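An overview of the molecular structure
So you can see what is in the structure, the chains are spelled out below.
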Amino acid sequence: MLIVKLFLETNVLSIKLSRTTNTAGIINSLWQSPGVSRIDMAMKLGLDKSTVTKTVNHLIDIGMIVEQPQAVSGKGGRPKVSLLFNAEFGVIIGVDVNSDAIKVSVINLLGQVIYHDMIAIDTQALIDKAVADALLPCIETIQSLFPRILAIGIGMPGLIDPGKGQLHVSHS
């Protein structure tokens, strides 16, 4: 009985990981090839068309992607449907930390920069506190303009001394 239970739990976990991997592959494929069709995506990823269709339909249902019919060609049959990210779905924030300032950019899912700011940081404070103090009010402003923040990425152009909380060897 224990072996059957472990087998079932392992299969459920495997299916969930497979779905996550398939969804990530589909999102990545769309990012790299805007306007790709389900059929072309399935061929590129080596997935069954029904798997791609099911995942794409879910992403359409939640509003992350939209369909755009392609122009009818001289060939017969149903025209392919292009898939695109919905620019209004949410935003991604990128933060570039330098020794004396942070640069904050907000992009939509089409990769378009829709907000940008540069904020001085307290160079006398520990880097984590200086960044947090400068960034938190900026994020509040961004959230008031763009309520759905999907991710925040922070980059530091150098080495951080964790003991001192200082940015060293910054090349910016």
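Quick caveat, the model's predicted, so the values are computed rather than measured.

Points about the pattern of salt bridges
Pairing between side chains of opposite charge can happen when the charged atoms of each approach one another. Across all of its chains, the model carries three salt bridges by this definition. We note a salt bridge from R38 to E67, for which the minimum N-O separation is 2.7 Å. Residue R38 is located in helix α2 (residues 38–45), and its partner E67 is located in strand β1 (residues 65–69); the two are separated by 29 residues in the primary sequence. For E67, a relative accessible area of 43% puts it in the partly exposed group. The partner of K80 in a salt bridge is D40, and the shortest N-O contact between them spans 3.1 Å. Of this pair, K80 sits in the loop between β1 and β2 (81–85) while D40 sits in helix α2, and the two are 40 residues apart along the sequence.

Regarding the sheet that holds strand β4 (residues 101–108)
Read from one edge to the other, the open sheet built from four strands follows the order β5-β4-β3-β6, with strand pairing classed as mixed. Here the strands that pair on one side only, and so sit at the sheet edges, are β5 (113–120) and β6 (149–155). Mean inter-strand twist for the sheet, computed between neighbouring axes without regard to direction, equals 15 degrees. In terms of strand pairing, strand β3 (residues 91–97) meets β6 through six bridges, oriented parallel. Each bridged residue has a counterpart across the sheet, and for I93 the counterpart in β6 is I152.

Points about the side chain of S37
Inspection of the secondary structure assignment puts S37 in the loop between α1 (2–32) and α2. By relative accessible area, which is 2% here, S37 ends up buried. Within the structure, the side chain of S37 is placed 3.1 Å from the backbone nitrogen of D40, a separation counted as a polar contact.

Description of the nonpolar core
Core analysis: the biggest nonpolar cluster contains 19 residues, and I93, I102, V104, V106, L135 and I142 have the highest contact counts within it. Of all the secondary-structure elements, those providing two or more residues to this core are β3, β4, β5 and α4 (127–145). No other element matches the eight residues that α4 contributes to this core. Among all residues touching I93, those that are not within four sequence positions of it are V104, S105, V106, I139, I142, I149, A151, I152 and G153.

How each quantity is defined
Residues numbered from 1 in each chain as written. Predicted model: local features only at pLDDT ≥ 70, side-chain atom pairs only at ≥ 80, totals over all residues. Heavy atoms only, no water. Salt bridge = Lys/Arg side-chain N within 4 Å of Asp/Glu carboxyl O. Helix = DSSP H or I, 4+ residues; strand = E, 2+ residues; numbered from the N terminus. Buried < 20%, exposed > 50% of the residue type's maximum accessible area, 1.4 Å probe, protein only. Pairing = 2+ DSSP bridges. Axes fitted to C-alpha atoms, helices over the stretch in contact; angles between N-to-C directions. Polar contact = N/O pair within 3.5 Å; in protein donor to acceptor, adjacent residues only side chain to side chain. Core = buried A, V, L, I, M, F, W, Y, C linked by side-chain atoms within 4.5 Å. Contact = heavy atoms within 4.5 Å.

By themselves these figures say nothing about function.
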